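# Structural characterization, general
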Amino acid sequence: MRHEYLPPQRRSRLTRRGRLALFLGTLLAIGSAVLIPILRGGEVPETPRRLLIPEGWRATRVYAAVDRELKLPPGSTKAAVATAGLALPEEAKGNPEGYLFPATYPVTSKSTPATLLAHMVRTANEKLATKAVADGGKAHGMTPYQTATLASIIEAEAEGRADMGKVARVVHNRLAKSMPLQMDSTINYALNRSTVDTKLSDTRIDSPFNSYERQGLPPTPIDSPGLAAMAAAVAPTPGDWLFFVTVKPGDTRFSTTYEEHRRHVAEFNRLRASAGARTGQAGPSAK
């Protein structure tokens, strides 16, 4: 076999600058290969907006707030209730009133009426299931739905948290004596309004929420109660009160007799009439 002579070939060597360029090029190639999938699959997290639902709001007001926050046509959130699959008790019959828990909720571009409503209902169920509220409700023979209903009245009637326990006691005492609750807040709910001026004619309306003529709790909650109202509903302040009226801001009078209560109502009417005279408005009539 013929062998052809080949002179030895010299291996090329990179200079220091060349080695550095090759090293940096390799790093950039690897980095770009890793970075591109990260940028494609891991977008910058969206900063949520905040939706505040205060204590005492009715469902209609919550619906309107969600519509505004999500920039949807009015009525969109209310319409979503039917298909949202909300975790409501059977007693609610699909009506989330009282279960749209007041809190601050995060809102993103992925939020929908259904997801927000579900979050609110889930939170309400969690609060009603806390040991103090759940055990207290059982001790009074109330279901969680009844607790939410009673708490909604407390939320509407009490001027502040300091009075919630006493308002709850009035409700419990009246229920125990089979007395109508006679709460103006339930009349307001039936008439879709908010006022302290309840006339005699208002107390005669034909409505299941007319607690002047019907005994027991109303058929549904009348607003969204907070945890403080829920706690008061199941742990009322000890007392024999059957009546109360807020005579002026910061001054709620609780009474054990109707005669005492009438004196307090008369004072309320005098103060309102005086204020009305100064502003040119008429005051309410006494009930």
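Residues numbered from 1 in each chain as written. Predicted model: local features only at pLDDT ≥ 70, side-chain atom pairs only at ≥ 80, totals over all residues. Heavy atoms only, no water.

### Re the pattern of salt bridges
Condition: The working definition used for a salt bridge is a side-chain nitrogen of Lys or Arg within 4 Å of a carboxyl oxygen of Asp or Glu.
Evaluation of the coordinates by the stated rule reveals 7 salt bridges. Between R193 and D202 there is a salt bridge; the shortest N-O distance is 2.9 Å.

### Considerations on the packing of helix 6 (residues 144-157) against helix 7 (residues 161-176)
The condition that has to hold: To get an axis, a line is fitted to the C-alpha atoms, and for a helix only the part in contact is used. The angle between two axes follows their N-to-C directions and goes from 0 to 180 degrees. Under the scheme used here, helices are H or I runs from DSSP no shorter than 4 residues and strands are E runs no shorter than 2 residues, and both carry numbers assigned from the N terminus. Any angle that is under 35 degrees is reported as roughly parallel, and any over 145 degrees as roughly antiparallel; angles of 65 to 115 degrees are reported as roughly perpendicular and all others as oblique. Two helices crossing with the near one rotated counterclockwise from the far one by less than a right angle form a left-handed crossing, whereas a clockwise rotation gives a right-handed crossing. Here a residue-residue contact requires only that any non-hydrogen atoms of the pair lie within 4.5 Å. Put simply, Ala, Val, Leu, Ile, Met, Phe, Trp, Tyr, Cys and Pro go in the nonpolar bin, Asp, Glu, Lys and Arg in the charged bin, and everything else, Gly too, in the polar bin.
The N-to-C vectors of helix 6 and helix 7 enclose an angle of 130°; their axes lie 9 Å apart at closest approach. It follows that helix 6 is oblique to helix 7 by the angle criterion. When you trace helix 6 past helix 7, the crossing you get is right-handed. Note on element contacts: helix 7 touches helix 6 through M164, V167, A168, V171 and H172, opposite L150, I154, E155 and E157. Its residues placed into classes, the contact of helix 6 with helix 7 shows 6 nonpolar, 1 polar and 2 charged.

### Considering the pairing of strand 4 (residues 251-255)
In plain terms, the rule: Here the term buried applies to any residue with accessible area under 20% of the maximum for its type, exposed to any over 50%, and partly exposed to those in between, with areas from a 1.4 Å probe on protein chains only. Think of it this way: DSSP has to see at least two bridges between two strands before they count as a pair.
Counting buried residues in strand 4 gives 4 out of 5 residues, a clear majority hidden from the surface. The pairing of strand 3 (residues 243-248) with strand 4 spans 5 bridges and is antiparallel. Along strand 4, the bridge assignment pairs F243 with S255. Connecting the antiparallel pair strand 3 and strand 4 is a turn made up of 2 residues, with G250 showing a positive phi of about 85°.

### Digging into unusual backbone geometry
Positive phi is not limited to glycine here, since K93 has a value of about 55°. By the secondary structure assignment, K93 is in the loop between helix 3 (76-80) and strand 2 (104-107). Overall, K93 belongs to the exposed group, its relative accessible area being 78%. One non-glycine residue with positive phi stands out, namely N192, at about 55°.

### Side note on the environment of T77
Mapped onto the elements of the fold, T77 is located in helix 3. Judged by its relative accessible area of 0%, T77 falls in the buried class. Those residues in contact with T77 that sit more than four places away from it in its chain are Y63, V66, D67, P113 and L117.

### Some details on the nonpolar core
Where we set the bar: Grouping buried Ala, Val, Leu, Ile, Met, Phe, Trp, Tyr and Cys residues that are joined through side-chain atoms within 4.5 Å yields what is termed a nonpolar core.
Formed by 52 residues in total, the largest nonpolar core has its most connected members in L51, I53, Y99, L100, M120 and I154. For this core, the secondary structure elements donating two or more residues are helix 2 (59-69), strand 2, helix 4 (113-128), helix 6, helix 7 and helix 9 (227-234). Beyond its immediate stretch of four places on either side in the chain, Y99 contacts L88, P89, M120, V121, A124, N125, L128, P144, Y145 and A148.

### Points about the confidence of the model for the protein chain
Defined as follows: Every residue is assigned a pLDDT by the predictor, reflecting its confidence on a scale from 0 to 100.
Confidence in the prediction for the protein chain averages 87 pLDDT; 81% of positions are at 70 or higher. Segment residues 26-39: pLDDT under 50, and 2 contacts once partners within four positions in sequence are set aside and those in other chains are kept. Below pLDDT 50 for its whole length, residues 279-287 participates in 16 contacts with residues either more than four positions away or in separate chains.

### A word on the packing of helix 2 against helix 4
Put simply, helix 2 and helix 4 touch, their axes get as near as 11 Å, and they point 135° apart. Here helix 2 is positioned oblique relative to helix 4, judged by the angle of their axes. Of the two elements, helix 2 crosses helix 4, and the hand of that crossing is right-handed. Here helix 2 contributes V62, Y63 and V66 to the contact with helix 4, which in turn contributes P113, L116, L117 and M120. A class-by-class count of the residues in the contact of helix 2 with helix 4 yields 7 nonpolar, no polar and no charged.

### Overview of helix 4
We apply this condition: The span expected for a helix works out to 1.5 Å for each residue beyond the first. Along the arc lie the directions from the helix axis toward the C-beta atoms.
Over its 16 residues, helix 4 runs 23 Å from end to end, which matches the ideal 22 Å to within 8%, given 1.5 Å per residue. Of all the residues in helix 4, the buried ones are P113, L116, L117, M120, V121, T123, A124 and L128. Viewed along the axis of helix 4, the buried residues span an arc of 155°, placing them on a single side of the element.

### What to know about the packing of aromatic side chains
Our working rule: Any Phe, Tyr or Trp ring, taking Trp's six-membered ring, that has another such ring centre within 6.5 Å forms a pair; planes under 30 degrees apart are called stacked, those over 60 apart edge-to-face, and the others tilted.
Under the counting rule described, the total for this entry stands at 5 aromatic pairs. Centroid distance Y189 to F209: 4.9 Å. Interplanar angle 55°. Geometry classified as tilted. Placement of Y189 in helix 8 (residues 184-190) and of F209 in the loop between helix 8 and helix 9 is noted, with a sequence separation of 20 residues between them. An aromatic cluster is built from W241, F244 and F254, whose rings are joined through pairwise contacts.

### Quick look at the environment of G94
Counting through the fold element by element, G94 comes out in the loop between helix 3 and strand 2. Note: C-alpha distance between G94 and V81 (13 residues apart in sequence) is 7.9 Å. If we ignore the near neighbours within four places in the chain, the residues touching G94 are V81 and L88.

### Let's talk about the environment of H119
Of note, H119 is situated in helix 4. Sequence separation of H119 and F101 is 18 residues, and the distance between their C-alpha atoms is 8.7 Å. When sequence neighbours within four positions are dropped, the list of residues in contact with H119 reads Y105 and P106.

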